[in-house]
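The residues making up each chain are set out below.
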Amino acid sequence: MINDLQRKGYTKDDISLLSLHTNSTRWIDLGTSVLTNSDRDKADKDFVNKLNSSLNEDDDIYSKLEQDNLDILRQSYGIKSALVEIEYINGFRQDKLVSDDFRNTFIDKLLQAF
């Protein structure tokens, strides 16, 4: 896919990967996480910091930064990449996931970061 975009004239600076997930860890409710791999470059770290800051501008969203060794992010070297876990399916705040207001706010905050 990245090669297709580059053939159309886009550079790696024009491309970002944002992988959205919900966490289903049972009985855990830790809010939202913006994740990156620890070995990513400055552009990635700036990207995840901007995403996290934008999400935390809203009182209804609690987001934290985490580092991991995620396969999906290992496969996207060369472009800005982040994985965002949106709330937790089995937690006490799971009702947020079905709220149109919450989903619209969340999307607005992600787009604002771009």
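The following paragraphs examine the structure supplied in this document. The structure displayed is predicted, hence computed values, not measured ones. (Residues numbered from 1 in each chain as written. Predicted model: local features only at pLDDT ≥ 70, side-chain atom pairs only at ≥ 80, totals over all residues. Heavy atoms only, no water.)

### What about the overall build of the chain?
Inference 1: Counting secondary structure elements, the chain contains four helices and four strands.
Inference 2: Each helix (α) and strand (β) of the chain, taken in turn from the N terminus, gives the series α-β-β-α-β-α-β-α.
Inference 3: Contacts in the chain between residues far apart in sequence, at least 24 positions, make up 78% of those at least 6 positions apart.
Inference 4: Accessible surface, the chain as shown: approximately 7000 Å² in total, 49% of it carbon and sulfur. (Helix = DSSP H or I, 4+ residues; strand = E, 2+ residues; numbered from the N terminus. Contact = heavy atoms within 4.5 Å. Areas by Shrake-Rupley, 256 points an atom, 1.4 Å probe, with all protein chains shown as cover.)

### Some remarks on the packing of aromatic side chains
Inference 1: Evaluation of the coordinates by the stated rule reveals two aromatic pairs.
Inference 2: Where Phe47 meets Phe114, the ring centres are 5.5 Å apart and the plane angle is 70°; that geometry is what we call edge-to-face. Placement of the pair is Phe47 in helix α2 (residues 42-55) and Phe114 in the segment after α4 (100-113), with a sequence separation of 67 residues.
Inference 3: Its relative accessible area of 7% is what places Phe47 among the buried residues. (Phe/Tyr/Trp six-rings, centres within 6.5 Å; stacked < 30°, edge-to-face > 60°. Buried < 20%, exposed > 50% of the residue type's maximum accessible area, 1.4 Å probe, protein only.)

### With respect to the pairing of strand β3 (residues 63-68)
Inference 1: Both strand β2 (residues 32-37) and β3 contribute to a ladder of six bridges, which runs parallel. Within β3, the residue paired with Val34 across the bridge is Leu65. (Pairing = 2+ DSSP bridges.)

### A short note on α4
Inference 1: In this model, α4 (14 residues) spans 20 Å end to end at C-alpha, consistent with the 20 Å of a helix rising 1.5 Å per residue.
Inference 2: Restricting attention to buried positions, one finds in α4 the residues Phe102, Phe106, Lys109, Leu110 and Ala113. Each buried residue of α4 lies within a common arc of 100° when the element is viewed along its axis, so the set occupies one face. In α4, the exposed positions angled more than 90 degrees off the buried face are occupied by Asp101, Asp108 and Leu111. (Expected span 1.5 Å × (residues − 1). Arc of directions from axis to C-beta.)

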